Amino acid sequence: MAPLDFLEALQAEIPNAAADITELASLYQRRLWHPLTVKYDALIKQADHPINSGDVPVRVFDEFISDFGSKINLHKFAQFAVHATKSLPAPQPMVDHLQSSIQKLEDMKLAKANQPILFLRMHVAQHKIELGAISEAKAVVEQGKEQLEGMEDVDPTVSASVYYVASLLNKAIGDSAEFYRSSLMYLSFVSSETLPHDFKLRLAVDISLAALLGDSIYSFGQLLLHPIVHVLDDSPFRWLHELLEVFNAGDMHKYDELCTRYAAELNSQPALVANERRLREKITLMCLMEMISSLPAESRNIALTAIAQRTKLDVDGVEFLLMKALSLHLIEGIINQVQGTVSISWVAPRVLTKPQIAGLKGRLDGWISKVSQTAMALEQETVGVEV
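A short tour of the structure in this document, coming up. (Residues numbered from 1 in each chain as written. Predicted model: local features only at pLDDT ≥ 70, side-chain atom pairs only at ≥ 80, totals over all residues. Heavy atoms only, no water.)

Some thoughts on the overall build of the protein
Our working definition: Under the scheme used here, helices are H or I runs from DSSP no shorter than 4 residues and strands are E runs no shorter than 2 residues, and both carry numbers assigned from the N terminus. Based on C-alpha atoms, the radius of gyration is set beside the globule rule, defined as 2.2 Å times the residue count to the power 0.38. Whether a residue is buried, partly exposed or exposed follows from its accessible area with a 1.4 Å probe, protein chains only, as a fraction of its type maximum: under 20%, in between, or over 50%, in that order. Whether two residues are in contact is decided by their heavy atoms: any pair within 4.5 Å suffices.
Of the regular secondary structure elements, the protein holds 20 helices and three strands. Since a compact globule built from 387 residues should have a radius of gyration of about 21 Å, the 29 Å found for the protein marks it as more spread out than a globular shape. Scored against the burial criterion, the 387 residues of the protein give a buried share of 45%. Counted over contacts in the protein with a minimum sequence separation of 6, partners at least 24 positions apart contribute 62%.

The structure is reproduced here in structure tokens:
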């Protein structure tokens, strides 16, 4: 069916959208491709518009949009293709339709089609994950990351699609640390204000749990500074935000208090229950890191008994904790068992929250004051040289 004939039939099928369909036909006849793109883009963003009901989106794409796809912005063409697949009944038809759109873009043989093709391939990978074809999805995601690194002036929607699907893949295979990193990368390419509230809440919960459970995640500053974490505050998951704050501060006493206060909420999360021991070990390590970071560089020869008091461990437990921190390269230093001290020369850098930055400012102010006093003392002690 010719595009205009299709629009005429569609107009009869959904008369309450007749005015908008007539405008699309008029723009098509006059070959006003940009206004046509803008008009259709505005229509598909209206979720309750009749043109987005049932199988209409996929039919509009196949019978109308595809006819002039090479004449419009190819990123929009790819986004229209993704919108169309959402009206299909199952993941496999979605994959087939997206593959067809990818083939159309490849047939254009245009360099500017590379990013839209990558965008569509990421959606193919997303549906592969839904189908349980994890190995196929993993291959697509890994290839997509390589392609992304070699591209210049990448559209944010393309970067976001790569990292979002990477996060879905890592969630599917149970890699909490990589899920956490991929999700934060995804959030760096989208505005959280544009995301639906339900989606933001699910994502905030998943990222928070991944931060707690991720083997190599010992800094939550980047997450705590992101607006998405505040979605938890007006939900039944407020306790999760509080838990993140306590972990990031390495506060063992508050941690035990929260575990008592939110026992029911914590026990409702099977992953947290199954990893209770690991969580205790993790916050103890973060307590050690926070303690060291809060000390001036010249005062990092620390008594093991002081660490024991802060971490709620005995001295033997402190020695094991230090060896664990050294093996994970969270700190560098030397344990002196004879003197019962540890000398720390380095602690792993972390993204600081505002309270931590305020503490750092206080230490810098103290250092500046000492330098000023030393300079004044040297000036007073200086003996003038006669010429």
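Looking at the environment of Pro3
Along the chain, the position of Pro3 falls in helix α1 (residues 3-13). The class for Pro3 is buried, based on a relative accessible area of 11%. A C-alpha to C-alpha distance of 10.0 Å links Pro3 and Gln29, two positions 26 residues apart in sequence. In contact with Pro3, other than residues within four places in its own chain, are Tyr28, Glu63, Phe64 and Asp67.

A few points about the pattern of salt bridges
What counts is decided by this rule: Definition used for salt bridges: Asp or Glu carboxyl oxygen within 4 Å of a side-chain nitrogen of Lys or Arg.
In this structure the tally under the stated criterion is 19 salt bridges. Here the salt bridges share partners, and the residues they tie into one network are Asp233, Arg238, Glu242, Glu257 and Arg261.

Considering the packing of aromatic side chains
How we decide: Centre distance within 6.5 Å is the pairing criterion for rings of Phe, Tyr and Trp, where only the six-membered ring of Trp is used; planes under 30 degrees apart are then read as stacked, over 60 as edge-to-face, and the remainder as tilted. Put simply, a charge is over a ring when the Lys NZ or the Arg CZ is close to the ring centre, within 6 Å, and near the line of the ring normal, within 35 degrees.
As enumerated under the stated definition, the model contains 12 aromatic pairs in all. Aromatic pair Tyr28 and Phe64: ring centres 5.6 Å apart, planes at 50°, arrangement tilted. In this pair, Tyr28 is assigned in helix α2 (residues 18-29) and Phe64 in the loop between α4 (56-63) and α5 (74-85), connecting sequence segments 36 residues apart. By the burial criterion, Tyr28 is buried, and Phe64 matches it. These aromatic residues form a ring-pair network of at least three members: Tyr28, Trp33, Phe64 and Phe68. The ring of Tyr218 carries Lys282 above its face, with NZ or CZ at 5.6 Å from the centroid.

Brief notes about the packing of helix α7 (residues 114-131) against helix α8 (residues 134-149)
Which entries qualify depends on this criterion: Between N-to-C directions, angles cover 0 to 180 degrees, with each direction set by a line fitted to C-alpha atoms, over the stretch in contact for helices. Note on terminology: angles under 35 degrees are roughly parallel, angles over 145 are roughly antiparallel, angles of 65 to 115 are roughly perpendicular, and the others are oblique. Crossing handedness is read from the near helix: turned anticlockwise from the far helix by less than a right angle, it gives a left-handed crossing, and turned clockwise, a right-handed one. Amino acids outside the nonpolar list (Ala, Val, Leu, Ile, Met, Phe, Trp, Tyr, Cys, Pro) and the charged list (Asp, Glu, Lys, Arg) are all regarded as polar, and Gly is one of them.
With their axes 8 Å apart at the nearest point, α7 and α8 run at an angle of 155° to one another. With respect to α8, the axis of α7 lies roughly antiparallel. α7 and α8 meet at a crossing whose hand is left-handed. On α8, the residues that touch Leu118, Arg121, Met122, Ala125, Lys128 and Ile129 of α7 are Ile134, Glu136, Ala137, Val140, Val141, Gly144, Gln147 and Leu148. Per-class residue counts for the contact of α7 with α8 are nine nonpolar, two polar and three charged.

Details of the environment of Lys312
Convention followed: Polar contact criterion, stated in full: a pair of N or O atoms within 3.5 Å, where within protein one must be able to donate a hydrogen and the other to accept it, and residues adjacent in sequence count only if both atoms are side-chain atoms.
If you trace the backbone, Lys312 turns up in the loop between α18 (304-311) and α19 (315-327). Taking C-alpha positions, Lys312 is 8.5 Å from His253, a pair spaced 59 residues apart along the chain. Not counting the four nearest positions on each side in its chain, Lys312 is found in contact with Met252, His253, Asp256 and Arg280. There is a polar contact of 2.6 Å between the side chain of Lys312 and the side chain of Asp256.

Structural notes on the layout of surface pockets
Worth spelling out the cut-off: The distinction between a cavity and a pocket rests on a 1 Å grid over the protein atoms alone: a 1.4 Å probe fits inside a cavity but cannot get out, while a pocket stays open yet meets protein on both sides within 12 Å along at least five of seven lines, and a residue with an atom within 4 Å of a point counts as lining. Grid points are joined across faces, edges and corners, and a volume is the space filled by probe spheres set on the points.
In this structure, the largest pocket spans a volume of roughly 1300 Å³. Looking at the largest pocket, it is lined by 34 residues, and the ones nearest its centre are Val82, Lys86, Phe119, His123 and Tyr186. Sorting the residues of the lining of the largest pocket by element identifies α3 (33-44), α5, α6 (91-108), α7 and α9 (156-173) as the ones contributing at least two each. Top element by residues in the lining of the largest pocket is α9. It accounts for six residues. Within the lining of the largest pocket, the residues separate by chemical class into 17 nonpolar, 13 polar and four charged.

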